[in-house]
Structure formats: structure tokens, C-alpha cells
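Chain by chain, the residues run as shown.
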Amino acid sequence: DPLSDFIRGLPKAELHLHIEGSLEPEQMFDFARRNRVDLPFRTVEEVRAAYAFTNLQDFLDIYYQGAQVLRTEEDFHDLAMAYFRRLAADGGVHAEIFFDPQTHTDRGIPFQVVADGLLAGMAAAERELGVTSRLILCYLRHLDEESAFATLAAAEPYLDRIAGVGLDSSEVGNPPSKFARVFQASRERGLKLVAHAGEEGPPDYVWQALDILGVDRLDHGNRALEDAALTRRLVDQGTTLTVCPLSNLKLCVVPSLETHPLRRMLDLGLKATVNADDPAYFGGYLLDNYVRVAAALGLDRVQLARLARNSITGSFLDMAAQVPHL
Ligand code: HPA
Ligand code: ZN
């Protein structure tokens, strides 16, 4: 298919990818077997049938349950490597992957097991596939500030190998302001800052991500479009938005891909990118996200090249900081 071939050929970076969300059902059974973890499912079909979500929390409940099978350094290595193989096949050249340390430390898996496994997978991907990557530690916003500070302390020996921190999990009721101090402490350690905002939460949460947290990049940001002054601010400061079309569809953030705001974002001059979020749960990896949203919105090759370019210049690679959003 020419559209798909064109997009595959564009060098692309993935900037919004939860590595725990790349856990495929087949792999979930493999890890459960080798770690002797009981699963409430008997078949891959049963698992896939459970992936019918009506909102973010529906998904999060099953996503945290799936993550229970991840126990060893090898699991995290294999999980990452499987993701990078798919990224390379999609024409991805770089990824900045999120991980949720509290999901693992809260069930007794040490921070080091998670970080060492992921970093080993990232090194193998660069060696074997030529795909570069960076790691972004996400604080779970449904947990308290103290737990986030404990996570930053656990990460201390790894800060030379962690590019930044993010904020994910249940958005509504957990505003960015709740994490003002731990983001400030993270900034003081030289970390880049990102946050999920405006996925289900109101435009005010996006304002908070900008003004209180001081994020370098915004994850999702869909609901920013409800506020003209906020939209202008994002355009004027050239903030990169990591948009996730298939995620938005599966979590009912949009009623259809045909009504997805991506095209409007580009028309407004927002620096939007396309990403998979949690591909094993939302039905598609990076290339699928591009192809399906491009087909639904009738995006042309200039717009697709713009999206790919935004992903490279919106990354935390040193050279990217030099390129203005024109
Ligand atoms: N939103 C919030 N938290 C998440 C997501 C998401 O899409 N995926 C994994 N954690
Ligand atoms: Zn996300």
C-alpha cells in the first residue's frame, strides 16, 4: 500500500510509549508461565475480549493487572526488545519510552531490576537494530507526592541514564499541581519534564502542566483546543504535543478517527506528533497510528512529513533543540 510505504519510509521518533503497554497477550502468557504467576485468563482471545474500554480508568485497571507478570530483569529486557523490533519494522529510528516504577516497586520488584532490564534492552536495540532511545520515568498521579519523592530517590543512582520524568495514570482528580514540588526537584537534577494533560482532564490541567510544572513537552493535550488562549500559548512557545490517535479512539476520548483533532492541531500550527501510547492494548503500533489517522482525516504527504519531522525535532536528542518549529 503506497500510503503505508510512504509513512514507513519517513524517519520517525516515538515520543509517547508506555513500555508496560507494549505487553502483548502472548507475551503475558509466556512471562506468567516462566514466573509462575496466575492469570485470570485462559486464552489470548479471552484477554483480547477484555480490552473493551469506555474510559481511561477501565484501561488502567487491566493494564496494571497485566504488568503483574513482569518480575525479572530478563522480562523487562525482552519486553523492551520486542517493542523496538516492531518500531524498527515501522520505520522508527528513535523512541523515548515511559516506564512506571511504582507499579513494580509497590509489589516488591526493586527499581534496579526494572531499570537494568529496560536499559539492557535499549542497549541491545541500538546495537542490533540501530534504534536509539531514552528513558522517561513516570510518576503515578493517583499515588501521593511522598511516593513520587521515594521513586525519585530510588532513581538517584540512574539519573545519568534517565532523560526525564513524566506524569501518568488517572488524570481527573489528580491535577499537575499535586506534583509541583517533585517536578521542581526533578528539574533541579537536570531531568527533562513532561506530563499527561488534557486527555480526560480539563484545559486548566494543561495550564498547570505549563505554568506550575514547566513541562518541556505535553502528552496528549487534546482538550487544550477548548481554550483559545491556551492553544495560542502552545503555538507561540512551540510546545510539542504527543498525540495518540488509536488510544484516543479506544479510550473514547474521541468518538471516531474521522473526528480526531489531529488535523485541526496541524492547521492551528501546533507541533503535533503521532504515537502509540499502549499499543498492545489499543490495537496498533506507530505505523498503524499514522496510517489509520491519515486515512480517516485525509492527511497529505506534506502533513505526514510534518508529523514525522515534529517527532524528531520534538525529541530530547541534543541536536533537536537547535531546530525551530517553522
Ligand atoms: N493515560 C494515562 N496514564 C497512562 C496511559 C494513558 O494513556 N497509558 C498508561 N498510563
Ligand atoms: Zn500515555
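Just above sits the structure.
Predicted, not measured: the structure shown is a model, and the values here were computed from it.

**Remarks on the overall build of the protein**
The number of helices and strands found in the protein is 16 helices and 8 strands. Each of the three principal axes of the protein carries a C-alpha extent, and together these read 50 × 50 × 40 Å. Across the 326 residues in the protein, those meeting the buried criterion constitute 59%. For the protein, the share of sequence-separated contacts (at least 6 apart) that also reach a separation of at least 24 residues comes to 76%. Looking at the protein, you have 32 positive and 47 negative side-chain charges, and the mean spots of the two groups are 3 Å apart.

**Some remarks on the site of ligand 1**
The full set of residues close to ligand 1 is H18, L56, F59, L60, Y63, D168, S169, H196, E199, H220, D277 and D278. Within the side chain of E199, one N or O atom sits 2.8 Å away from a nitrogen atom of ligand 1. Here D277 contributes a side-chain N or O atom positioned 2.8 Å from an oxygen atom of ligand 1. Protein burial of ligand 1: of its 260 Å² of free accessible surface, 100% is covered by the chains.

**Some thoughts on the coordination of the zinc ion (ligand 2)**
Looking at the metal site, the zinc ion (ligand 2) is ligated by H16 (NE2), H18 (NE2), H196 (NE2) and D277 (OD), spaced 2.0 to 2.3 Å from it. One can describe the site at the zinc ion (ligand 2) as irregular: its 4 donor atoms subtend angles covering 83 to 175° at the metal. Counting along the primary sequence, the residues that act as donors to the zinc ion (ligand 2) give the motif H-x1-H-x177-H-x80-D. With a gap of 81 residues between them, H196 in strand β5 (residues 192-197) and D277 in the loop between β8 (271-274) and α14 (279-282) connect regions that are remote in the sequence. The class for H196 is buried, based on a relative accessible area of 5%.

**A short note on the environment of H220**
Mapped onto the elements of the fold, H220 is located in strand β6 (residues 217-220). Along the backbone, H220 and H196 are 24 residues apart, and their C-alpha atoms lie at a distance of 6.2 Å. Among all residues touching H220, those that are not within four sequence positions of it are H16, H196, A197, E199, L241, T242, V243, C244, S247, N248 and D277.

**Quick word on the packing of helix α8 (residues 145-155) against helix α9 (residues 180-188)**
At their nearest, the axes of α8 and α9 sit 9 Å apart, and the two run at 15° to each other. Relative to α9, the element α8 lies roughly parallel. Note on packing geometry: the crossing formed by α8 with α9 is right-handed. Taken together, the residues of α9 that come into contact with α8 (itself represented by E145, A148, F149 and L152) are R181, V182, A185 and S186. Residue classes in the contact of α8 with α9 are distributed as 5 nonpolar, 1 polar and 2 charged.

**A short note on helix α10 (residues 203-213)**
Of the residues making up α10, those classed as buried are P203, Y205, V206, Q208, A209, L210 and L213. Elements that come into contact with the buried residues of α10 comprise β4 (164-168), α9, β5, β6 and α11 (228-236). Just beyond α10, the residue with positive phi is G214, at close to 70°.

**Points about the sheet that holds strand β7 (residues 240-243)**
Each strand in a sheet pairs with another by means of backbone hydrogen bonds, the pair being arranged parallel or else antiparallel. Pairing in this open sheet of 8 strands is parallel, and the strands run β1-β2-β3-β4-β5-β6-β7-β8 from one edge to the other. Only two strands of the sheet have a single partner each, and these edge strands are β1 (12-18) and β8. Neighbour-to-neighbour, the strand axes of the sheet open up by a mean angle of 25°, direction not taken into account. Pairing geometry for strand β3 (residues 132-140) and β4, over 5 bridges, is parallel. Residue pairing in the sheet places Y139 in a bridge with L167 of β4. On the sheet, helix α7 (residues 111-129) packs against β2 (92-99) and β3 and is oriented at approximately 155° with respect to β3.

**What about unusual backbone geometry?**
Glycine aside, a negative phi is what most residues show, and trans is what most peptide bonds show. Positive phi, close to 55°, is recorded for R36, a residue that is not glycine. Tracing the chain through its elements places R36 in the loop between α2 (25-35) and α3 (44-50). For R36, a relative accessible area of 76% puts it in the exposed group. Positioned with a positive phi, H220 is a non-glycine residue whose angle comes to about 75°. Relative accessible area serves as the criterion here: at 0%, H220 is assigned to the buried category.

**Remarks on the packing of aromatic side chains**
Per the counting criterion, the structure on display carries 13 aromatic pairs. Relative to F282, the ring of F53 lies with its centre 6.4 Å away and its plane at 90°, an arrangement referred to as edge-to-face. With F53 in the loop between α3 and α4 (56-66) and F282 in helix α14, this pair connects stretches of sequence that are 229 residues apart. On the accessibility criterion, F282 (2% relative accessible area) is buried. In this structure an aromatic cluster arises from ring pairing among Y51, F53, F59, Y63, Y64, Y281 and F282. For the cation-ring pair, R217 lies above F316, with the distance from its terminal atom to the ring centre recorded as 4.0 Å. Positioned over the ring face of F6 is R301, at 4.5 Å from the centre of the ring.

Reading the values: the criteria
- Along every chain, residues carry numbers that run from 1 in the direction the sequence is written.
- For naming, the first written chain is A and the first written ligand is 1, with later ones following in the order written.
- At least 70 in pLDDT is required for a residue's local features to be given in this predicted model, at least 80 for side-chain atom pairs to be given and counted, and no such filter applies to totals for whole chains, interfaces and linings, which use all residues.
- Side-chain measures were taken over the full set of non-hydrogen atoms in the model, leaving aside hydrogen atoms and water.
- By the criteria applied, helices consist of DSSP H or I runs no shorter than four residues and strands consist of E runs no shorter than two, each listed in order from the N terminus.
- Only protein chains enter the accessibility calculation, which uses a 1.4 Å probe; a residue whose area is less than 20% of its type maximum is buried, one above 50% is exposed, and one in between is partly exposed.
- Throughout, a residue-residue contact means that at least one pair of heavy atoms, one from each residue, lies within 4.5 Å.
- The charge count includes Lys and Arg as positive and Asp and Glu as negative, but it does not include His or the ends of the chains.
- Charge positions come from single atoms, namely NZ of Lys, CZ of Arg, CG of Asp or CD of Glu.
- For this description, a residue counts as near a given molecule or strand if any of its non-hydrogen atoms is within 4 Å of it.
- Counted as a polar contact is a pair of N or O atoms within 3.5 Å, where, for protein atoms, one must be capable of donating a hydrogen and the other of accepting one, and residues adjacent in sequence contribute only when both atoms are in side chains.
- Residue-level accessible areas treat just the shown protein chains as cover; the underlying method is Shrake-Rupley with a 1.4 Å probe.
- With water omitted from the atoms examined, metal sites may look incomplete; donors here are N, O and S atoms no farther than 2.8 Å from the metal, or 3.2 Å in the case of Na, K and Ca.
- Four donors are marked tetrahedral only if all angles between them lie between 85 and 135 degrees, whereas four are marked square planar and six octahedral if opposite donors are more than 155 degrees apart and the other angles lie between 65 and 115; the remainder are marked irregular.
- Angular values range over 0 to 180 degrees, each being the angle between N-to-C directions of two axes fitted as lines to C-alpha atoms, with helices fitted over their stretch in contact.
- Here roughly perpendicular refers to angles of 65 to 115 degrees, roughly parallel to angles under 35, roughly antiparallel to angles over 145, and oblique to all remaining angles.
- What makes a crossing left-handed is the near helix being turned counterclockwise from the far one by less than a right angle; a clockwise turn instead makes it right-handed.
- Note on residue categories: nonpolar means Ala, Val, Leu, Ile, Met, Phe, Trp, Tyr, Cys or Pro, charged means Asp, Glu, Lys or Arg, and polar means any other residue, Gly included.
- In short, DSSP must find at least two bridges between two strands for them to pair.
- For Phe, Tyr and Trp, rings pair up if their centres lie within 6.5 Å, where Trp contributes its six-membered ring, and each pair is then called stacked (planes under 30 degrees apart), edge-to-face (over 60) or tilted (otherwise).
- Working rule: Lys NZ or Arg CZ, within 6 Å of ring centre, within 35 degrees of ring normal, means a charge sits over the ring.

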